[in-house]
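A structural walkthrough
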Amino acid sequence: MPVPFAAAALLPLALLVPAAAPVAVTEADFDPATAFVPPTAISHAPDLVPYGSHVKVVVDRSVPGRTVLTLSVAGVAADHEFPVHLHTGPCGADPAASGPHYQDAVDPVHPSTDPRYANDRNELRLALRTDARGEGTAAATVGWQPRAGEARSLVLHAGSPAGGHGSADRVACVTLDGLE
Ligand SMILES: [Cu+2]
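Residue indices begin from 1 for each chain and proceed along its sequence in written order. Only residues with pLDDT of at least 70 get local features here, since the model is predicted, and only at 80 or more are side-chain atom pairs given and counted; chain-wide, interface and lining totals rely on the full set of residues.

1. Topic: unusual backbone geometry
Note the cut-off: The helix count covers DSSP runs of H or I at least four residues long, the strand count covers runs of E at least two residues long, and both are numbered beginning at the N terminus. Residues are called buried when their C-beta atom has 20 or more other C-beta atoms within 10 Å, exposed when it has 12 or fewer, and partly exposed otherwise; all C-beta atoms are positioned from the backbone.
In this chain, His-110 is followed by Pro-111 through a cis amide linkage whose omega measures -5°. Along the chain, Pro-111 falls in the loop between β5 (81–87) and β6 (125–129). Backbone geometry at Asp-79 places phi at a positive 50°, although glycine is not the residue there. Among the structural elements, Asp-79 can be located in the loop between β4 (67–74) and β5. Taking the number of C-beta atoms within 10 Å as the measure of exposure, Asp-79 has 11 and is therefore exposed.

Dropping the structure here:
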């Protein structure tokens, strides 16, 4: 059966949707930061996030004043909980490149430790728990939308027992598309 003409004619219209799409999807395999082409998803710790493991991030801003971020992984460390945060910088060979956490109301003091700013309503945080096969999904909803171009990555931290949120425990990073 031929494709109806009307359906074919609508396809170009879909390409005219404004750049700030309400739903941005980033999907990639984790690569070493030393890859010739800077990868979308970088693993800094292949023991926890093996090269070739998969990540998908969906940032849904279709409801005004709200952001729903859903993260899915496959092929990473099994039975592990990764603290995951929205960070301000893009991913780089240096784990510190992803910068500090993105905050809706920006703490004038750096690094931000004041609980009035450093909390899971003012920042976007997830706890990603993987199953026995190394797969997992986590989602978080916040009552704001990131300012254009200021939230550039999603960082997976090692979590316990190392703890802390310094750059040393950043095990992987996903540069987010479509949030500019
Ligand atoms: Cu973080």
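2. Side note on the environment of Ala-41
Here is the rule: Remark: residues whose backbone-derived C-beta atoms lie within 7 Å of one another are considered to be in contact.
Here Ala-41 shows up in strand β2 (residues 41–43). It is 8.6 Å that separates the C-alpha atoms of Ala-41 and Glu-27, two residues lying 14 residues apart in sequence. Excluding residues within four positions of it along the chain, Ala-41 makes contact with Ala-28, Asp-29, Phe-30, Asp-31, Val-55, Ala-172 and Val-174.

3. Comments concerning the nonpolar core
Heads up, the rule is: For the purposes of this analysis, a nonpolar core is taken to be any set of buried Ala, Val, Leu, Ile, Met, Phe, Trp, Tyr and Cys residues that are connected through C-beta atoms within 7 Å.
Residues Val-57, Leu-71, Val-84, Leu-154, Leu-156, Ala-172 and Val-174 are the most contacted members of the largest nonpolar core, which totals 32 residues. The greatest single-element share of this core, amounting to four residues, is contributed by strand β9 (residues 170–175).

4. Some remarks on the sheet that holds β6
The condition that has to hold: At least two DSSP bridges between two strands are required for those strands to pair. For helices, the fitted line uses only the C-alpha atoms of the stretch in contact; every axis is such a line through C-alpha atoms, and the angle between N-to-C directions lies from 0 to 180 degrees.
Reading across from one edge, β6-β5-β8-β9-β2-β1-β3-β4-β7 is the order of the nine strands in this open sheet, with mixed pairing throughout. Each edge of the open sheet is held by one strand with a lone partner, namely β6 and β7 (136–142). The average angle at which neighbouring strand axes cross in this sheet is 20°, direction not considered. Two strands pair when backbone bridges link them, and strand β8 (residues 153–157) and β9 are joined in this way by five bridges, in the antiparallel orientation. Bridged to Leu-154 within β9 is Val-174.

5. Quick word on the environment of Arg-170
Tracing the chain through its elements places Arg-170 in strand β9. The exposure class of Arg-170 is buried, given the 24 C-beta atoms found within 10 Å. Along the chain, Arg-170 and Ala-45 lie 125 residues apart, while their C-alpha atoms are 8.2 Å from each other. Discounting residues that sit within four places of it in the chain, Arg-170 has contacts with His-44, Pro-95, Ser-98, Val-155 and His-157.

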